[in-house]
Amino acid sequence: GLPSHAHGDTWLLVSHGVKRWFLAPPGSANLLEDHPLWSPLTAFRRANYKNALSCLQFAHDLLFLPRAWKHATLNIGAC
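Report follows, based on the coordinates. Predicted model only: the values in this text are computed from it and were never measured.

## What about the environment of Phe64?
Part 1: Tracing the backbone shows Phe64 in strand S4 (residues 62-65).
Part 2: Along the primary structure Phe64 and Asp9 are separated by 55 residues, whereas in three dimensions their C-alpha atoms are 7.5 Å apart.
Part 3: Contacts of Phe64, omitting those with residues within four sequence positions, involve Asp9, Thr10 and Trp11.

And the structure:
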């Protein structure tokens, strides 16, 4: 997975496995705040991920993420 970040509009496809997404719309105060050296799992356990939107993306699922949405991911199971 990846720590929290944001970028432009993007389409994301999982080819195999499962990915957990943590999402926060633009302007969400302090959602997905973490430390740059934390793994996504550590951030989920220690930071403010619990108030973020969350979903699971399974193999062959396509996700559209609008510009400026802050997000982090956590791969579940074998990668």
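From this point, the discussion proceeds with the structure in view.
## Quick notes on the packing of aromatic side chains
To describe a pair of aromatic rings, one takes the distance between the centres and the angle between the planes.
Part 1: Taken as a whole and judged by the stated rule, the model has one aromatic pair.
Part 2: Pairing Trp11 with Phe64 gives two aromatic rings, centres 4.8 Å apart and planes at 50 degrees, and the pair type is tilted. Here Phe64 lies in strand S4 and Trp11 lies in strand S1 (residues 10-13), a separation of 53 residues in the sequence.
Part 3: Looking at Phe64, the relative accessible area reads 36%, which means it is partly exposed.

## Topic: the sheet that holds strand S3 (residues 53-58)
Part 1: With antiparallel pairing, three strands are arranged side by side in an open sheet as S3-S2-S5. Here the strands that pair on one side only, and so sit at the sheet edges, are S3 and strand S5 (70-76). Averaged over all pairs of adjacent strands, the angle between strand axes in this sheet comes to 20 degrees, irrespective of strand direction.
Part 2: Across seven bridges, strand S2 (residues 18-24) lies against S5 in antiparallel orientation. Bridged to Trp21 within S5 is Thr73.

Definitions and cut-offs
- Residues numbered from 1 in each chain as written.
- Predicted model: local features only at pLDDT ≥ 70, side-chain atom pairs only at ≥ 80, totals over all residues.
- Heavy atoms only, no water.
- Helix = DSSP H or I, 4+ residues; strand = E, 2+ residues; numbered from the N terminus.
- Contact = heavy atoms within 4.5 Å.
- Phe/Tyr/Trp six-rings, centres within 6.5 Å; stacked < 30°, edge-to-face > 60°.
- Buried < 20%, exposed > 50% of the residue type's maximum accessible area, 1.4 Å probe, protein only.
- Pairing = 2+ DSSP bridges.
- Axes fitted to C-alpha atoms, helices over the stretch in contact; angles between N-to-C directions.

Such coordinate-based values are descriptive only and should not be taken to indicate function.
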